[in-house]
Amino acid sequence: MSRLLTVGITTRNRPDALAACLESLTAIAHLDPEVLVFDDGSQPPVEADSRGLGAKPRLIRDADSPGYIVGRNRLVREAAGEIVLLMDDDARLIGAAAIDQALAVLHGDAGVGAVGFAPSVVPSFIGFAHMIRRDRFLALGGFREAFGFYGEEKEFCLRLLEAGLHTVYLPHALVAHVADPNSRDRKRYLRFVARNDCLNSLMNDPFTRLAWMLPARYVLYFRMRRGWEIHDPWGGLWLLRELASQLPGAWKARRPVSRGTLREWRALGVESRAYRGPLQPDGVSER
């Protein structure tokens, strides 16, 4: 690769957030990162200046608005950096330490495939800001674009764990997330989370687990709808139609993970382990 680091930012119709995100990258100007911005069909199209970074960010625009998952995959494919820091436009760097630490881990520990920004070895990261190895990401096929919205990080990290790699968070390596609560449609969020959890099972669960997990995840939609007090009377039918339309593609992409991977996944979900050094083959860090 011709560079150490690429920063890829996905954005849509939030020019002020994007400007603040780009401004925060001055904290890592010493790394001379390549900066790519994926414009997910913003109206008007986004403009981005260098914000003190030197070279102007390269804009990649898709007027069809395919979504941020497609955008993230596109950013990694087009990156010149060995390591890619993916950020939503409402994320902000609050100093160089987080990125310097994450780069040191990914360079020094072959057992780590992705880095989030808080302290432990965990089942998955939160997508607003994360750092990945470009070659491993591409080898695993990136994020599932069929998911459209939500849940793609969790599914990717399950495949990462199956490949023998871990996701870690780092002590004091923090990135700010300045989320706008009004930007999330709660009904759409519920529908897509439920659908994508079902697709995750179809693609990754062993058959004996799939037989009960798929109906359980369908029923969970109704429990969440009731618990979150969301009015969505046709949501159950929408979910069934979505699963029926996605079934051929999900079945074709099906690669069940091992039971050992599922045990490790569940264990990390119950109790995350502090990351203190290079990971051993059994997933335990050196002390």
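One can find the structure itself at the top, above this paragraph.
Residues numbered from 1 in each chain as written. Predicted model: local features only at pLDDT ≥ 70, side-chain atom pairs only at ≥ 80, totals over all residues. Heavy atoms only, no water.

Quick word on the packing of aromatic side chains
Right, so step 1: Applying the stated criterion to the full structure yields 11 aromatic pairs.
Right, so step 2: Here the aromatic rings of Tyr221 and Phe222 are separated by 4.9 Å at their centres, their planes lie at 80 degrees, and the arrangement is edge-to-face.
Right, so step 3: Residue Tyr221 is classed as buried on the basis of its relative accessible area of 1%.
Right, so step 4: Residue classification places Phe222 among the partly exposed positions, given a relative accessible area of 26%.
Right, so step 5: One aromatic cluster is present, formed by Tyr68, Phe149, Tyr150, Tyr189, Phe192, Trp228 and Trp238 through successive ring pairs.
Right, so step 6: Directly above the aromatic system of Phe149 lies the positively charged group of Arg188, at a separation of 4.0 Å from the ring centroid.
Right, so step 7: Between the NZ or CZ atom of Arg254 and the centre of the ring of Trp251, over which it lies, the distance is 5.0 Å. (Phe/Tyr/Trp six-rings, centres within 6.5 Å; stacked < 30°, edge-to-face > 60°. Buried < 20%, exposed > 50% of the residue type's maximum accessible area, 1.4 Å probe, protein only. Lys NZ or Arg CZ within 6 Å of the ring centre and 35° of its normal.)

So, the packing of helix α5 (residues 152-162) against helix α6 (residues 186-204)
Right, so step 1: Close contact between α5 and α6 brings their axes to 10 Å; oriented N to C, the two are set at 20 degrees. Comparing the axis directions of α5 and α6 gives the class roughly parallel. For the crossing formed where α5 meets α6, the hand is right-handed. On α6, the residues touching Lys154, Glu155, Leu158 and Arg159 of α5 are Asp197, Asn200, Met203 and Asn204.
Right, so step 2: Split by residue class, the contact of α5 with α6 holds two nonpolar, two polar and four charged. (Axes fitted to C-alpha atoms, helices over the stretch in contact; angles between N-to-C directions. Helix = DSSP H or I, 4+ residues; strand = E, 2+ residues; numbered from the N terminus. Parallel < 35°, antiparallel > 145°, perpendicular 65-115°, else oblique. Left-handed = near helix turned anticlockwise from the far one by under 90°. Contact = heavy atoms within 4.5 Å. Nonpolar A, V, L, I, M, F, W, Y, C, P; charged D, E, K, R; others polar.)

Some details on the pattern of salt bridges
Right, so step 1: If you walk through the whole model with that rule in mind, you get 16 salt bridges.
Right, so step 2: Here Arg72 ties to Glu153 by a salt bridge, and the two come within 3.7 Å at their closest N and O atoms. A residue pair is termed long-range when its members are at least 10 positions apart, and Arg72 in helix α2 (residues 68-78) and Glu153 in helix α5 qualify at 81 residues. Residues Arg72 and Glu153 agree in their burial class; the two are buried.
Right, so step 3: Salt bridges sharing partners connect three or more residues here, namely Arg72, Asp88, Glu152 and Glu153. (Salt bridge = Lys/Arg side-chain N within 4 Å of Asp/Glu carboxyl O.)

Section: the packing of helix α7 (residues 207-227) against helix α8 (residues 235-252)
Right, so step 1: One way to put it is that α7 packs onto α8 with a least axis distance of 11 Å and a crossing angle of 150 degrees. Our classification of the angle between α7 and α8 gives roughly antiparallel. Classified by chirality, the crossing of α8 by α7 is right-handed. Together, Leu210, Tyr218, Tyr221, Phe222 and Arg225 of α7 and Gly235, Gly236, Leu239, Leu240 and Trp251 of α8 make up the contact between the two elements.
Right, so step 2: Grouping the amino acids of the contact of α7 with α8 by side-chain chemistry returns seven nonpolar, two polar and one charged.

These figures capture arrangement, not role.
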